[in-house]
Amino acid sequence: MEYRKLHIWKESFQIAVIVHRLFVSCKDFGFKDQISRSSVSVPSNIAEGEERETRKESVRFLYYAKGSCGELVTQLLLAKEFGYIGQGEADELVVRANLVSRKIASLIKF
């Protein structure tokens, strides 16, 4: 499982864990489900792509992961506006998710 050695997988995995912990008691179940799924989708798609046999397949799943990063950032910004998380938590996670997205873009171009 070489994907577990990738910094972007480790970072996106940690973001998903943090998001889960932040929203575990959230009563807005639809929003909680959506933000949880987008955060989990990033490391999951990185892992799935790296397990594929071809570069083309790997890149396809990296694009999915990158799209999920955008979705996650949007949901984090909404969570801040809805009052579900604080400004500091939102800002930190948005910065981290944007960094993961840029690193995924670099892997796609590699």
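Scroll up for the structure.
Residues numbered from 1 in each chain as written. Predicted model: local features only at pLDDT ≥ 70, side-chain atom pairs only at ≥ 80, totals over all residues. Heavy atoms only, no water.

**Points about the packing of helix α3 (residues 55–82) against helix α4 (residues 87–109)**
Between α3 and α4, whose axes approach to 9 Å, the crossing angle comes to 165 degrees. With respect to α4, the axis of α3 lies roughly antiparallel. Regarding α3 and α4, the two cross each other, and that crossing is left-handed. When its residues are assigned to classes, the contact of α3 with α4 shows 18 nonpolar, three polar and four charged. (Axes fitted to C-alpha atoms, helices over the stretch in contact; angles between N-to-C directions. Helix = DSSP H or I, 4+ residues; strand = E, 2+ residues; numbered from the N terminus. Parallel < 35°, antiparallel > 145°, perpendicular 65-115°, else oblique. Left-handed = near helix turned anticlockwise from the far one by under 90°. Nonpolar A, V, L, I, M, F, W, Y, C, P; charged D, E, K, R; others polar.)

**Structural notes on the pattern of salt bridges**
Counted according to the given criterion, the structure contains seven salt bridges. Of the charged contacts, one joins D33 and R37 as a salt bridge, the two residues approaching to 2.9 Å between their closest N and O atoms. Residue D33 and its partner R37 are located together in helix α2 (residues 29–51), separated by four residues, close to a single helical turn. Here R96 and E92 are joined by a salt bridge, their closest N and O atoms 3.4 Å apart. (Salt bridge = Lys/Arg side-chain N within 4 Å of Asp/Glu carboxyl O.)

**A look at the packing of aromatic side chains**
In the structure shown here, the tally under the stated rule is seven aromatic pairs. Residues F23 and F31 carry aromatic rings whose centres are separated by 6.1 Å and whose planes lie at 55 degrees to one another, so their mutual orientation is tilted. Residue class for F31 comes out buried when judged on its relative accessible area of 10%. Ring plane angle 65 degrees and centroid distance 5.6 Å describe the contact between F31 and F82, whose orientation is recorded as edge-to-face. Residue F31 is located in helix α2, and its partner F82 is located in helix α3; the two are separated by 51 residues in the primary sequence. (Phe/Tyr/Trp six-rings, centres within 6.5 Å; stacked < 30°, edge-to-face > 60°. Buried < 20%, exposed > 50% of the residue type's maximum accessible area, 1.4 Å probe, protein only.)

**Considering the packing of helix α1 (residues 7–23) against α4**
Where α1 contacts α4, the axes come no closer than 10 Å and their chain directions differ by 150 degrees. Relative to α4, the element α1 is oriented roughly antiparallel. Judged by the twist between their axes, the crossing of α1 over α4 is left-handed. Contact with α1, carried on its side by H7, I8, E11, S12, Q14, I15, I18, V19 and L22, involves E89, L93, R96, A97, V100, K103, I104 and L107 of α4 and no other residues of that element. The class makeup of the residues in the contact of α1 with α4 is ten nonpolar, three polar and four charged. (Contact = heavy atoms within 4.5 Å.)

**Considerations on a nonpolar patch on the surface**
A cluster of nonpolar side chains, namely L78, F82 and Y84, defines an oily patch on the protein surface of about 270 Å² accessible area. Tracing the chain through its elements places L78 in helix α3. The exposure class of L78 is partly exposed, given its relative accessible area of 35%. (Patch = residues over 30% accessible without salt bridge, like charges linked within 9 Å, V, L, I, M, F, W, Y side chains within 5 Å. Areas by Shrake-Rupley, 256 points an atom, 1.4 Å probe, with all protein chains shown as cover.)

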